[in-house]
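Each chain is listed here by its residues.
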Amino acid sequence: SESDSTMSEMPQVDIIPAGGGYSLITTTPVGNVGAGEDNLITQSIPATTLNIAGAGVKTKIWGTTANNAATKTVKIYAGATAILTVTMTISQASVWYAEVSLIATGASTQRYGVFFQEIGTVGQTQAATGTLTETATAAIVMKATGTATSNNDIQATLMETTALDGRSLVIQ
């Protein structure tokens, strides 16, 4: 488990070349702080990235959970909507992974697919699909949150967002 000092650090966002474009990369581990829902990791998809039907992004998030009996919940958000809520397995240290594909179907409408896997002694896999109406002329925030009891019960350790058409995700 990371020390409590990592919770106060600002997340690192790097811009890395990916297939002719650039990916957003966040590598600073952040854990929940006490009880309640906490943002673990976030990235903003630049405005107008998803303003044309067919444009899309893929976001991948990795994290861990502590080996204790506390109830732990991870939520994956696309914009203002929690697109998947997962209750994690208690009393085991685990690694979790989420992957979201977000595709524009119109100027401010999107369809998503999300896949989530928890890997531990007892694992689980979940998936969901649906539609959103996020305004594409503004940035769309992708994030994972954690709800738990004690500091660092849930951590997000890495996040990567890449444009599916190879364009750069650099805020102009």
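Residues numbered from 1 in each chain as written. Predicted model: local features only at pLDDT ≥ 70, side-chain atom pairs only at ≥ 80, totals over all residues. Heavy atoms only, no water.

**Q** Talk me through the overall build of the protein chain; I want residue IDs and the actual numbers.
**A** When you go through the protein chain residue by residue, the secondary structure sums to zero helices and twelve strands. Looking at the protein chain as a whole, 45% of its 172 residues are labelled buried. Within the protein chain, residue pairs in contact and separated by at least 24 positions form 69% of the contacts whose partners lie at least 6 positions apart. (Helix = DSSP H or I, 4+ residues; strand = E, 2+ residues; numbered from the N terminus. Buried < 20%, exposed > 50% of the residue type's maximum accessible area, 1.4 Å probe, protein only. Contact = heavy atoms within 4.5 Å.)

**Q** Give me the environment of Thr65: which residues, what numbers.
**A** In this fold, Thr65 is placed in strand 5 (residues 56-65). We classify Thr65 as buried; its relative accessible area is 6%. Measuring from C-alpha to C-alpha, the distance between Thr65 and Val95 comes to 6.5 Å, with 30 residues separating the pair along the chain. Residues contacting Thr65, with those up to four places away along its chain left out, are Lys72, Met88, Gln92, Ala93, Ser94, Trp96, Asp153 and Ile154. A distance of 2.5 Å separates a polar atom in the side chain of Thr65 from a polar atom in the side chain of Ser94. (Polar contact = N/O pair within 3.5 Å; in protein donor to acceptor, adjacent residues only side chain to side chain.)

**Q** Could you give me a rundown of the environment of Thr137, with the residues and numbers involved?
**A** Summarising the element assignment, Thr137 is placed in the loop between strand 10 (124-132) and strand 11 (140-148). If we skip the residues at most four places from it in the chain, Thr137 touches Ala47 and Thr48.

**Q** How would you sum up the pairing of strand 12 (residues 154-163)? Please name residues and give values.
**A** Burial within strand 12 is extensive, with seven of its ten residues counted as buried. By the bridge criterion, two bridges tie strand 3 (residues 30-31) to strand 12 in an arrangement that is antiparallel. By the bridge assignment for strand 12, Gly31 is matched with Gln155. Relative to strand 12, strand 5 runs antiparallel, the two being bridged by nine bridges. By the bridge assignment, Ile61 is partnered in strand 12 with Met159. (Pairing = 2+ DSSP bridges.)

**Q** Help me get a handle on unusual backbone geometry, residues and values and all.
**A** Positioned with a positive phi, Thr48 is a non-glycine residue whose angle comes to about 70 degrees. Position of Thr48 relative to the elements: it lies in the loop between strand 4 (36-45) and strand 5. Taking the relative accessible area as the measure of exposure, Thr48 reaches 39% and is therefore partly exposed. Despite not being glycine, Asn152 shows a phi value in the positive range, around 65 degrees. Its location among the elements puts Asn152 in the loop between strand 11 and strand 12.

**Q** Can you lay out the side chain of Lys72 for me, pointing to particular residues and giving the numbers?
**A** Turning to its location among the elements, Lys72 is positioned in the loop between strand 5 and strand 6 (73-78). The charged side chain of Lys72 is buried without a salt bridge, its nearest counter-charge being Asp153 at 5.5 Å. Side-chain polar atoms of Lys72 contact the side chain of Asn68, separated by 2.9 Å. Contacts of Lys72, omitting those with residues within four sequence positions, involve Thr65, Ala66, Val86, Thr87, Met88, Ile90, Thr147, Ala148, Asp153 and Ile154. (Lys, Arg positive; Asp, Glu negative; His and termini not counted. Salt bridge = Lys/Arg side-chain N within 4 Å of Asp/Glu carboxyl O.)

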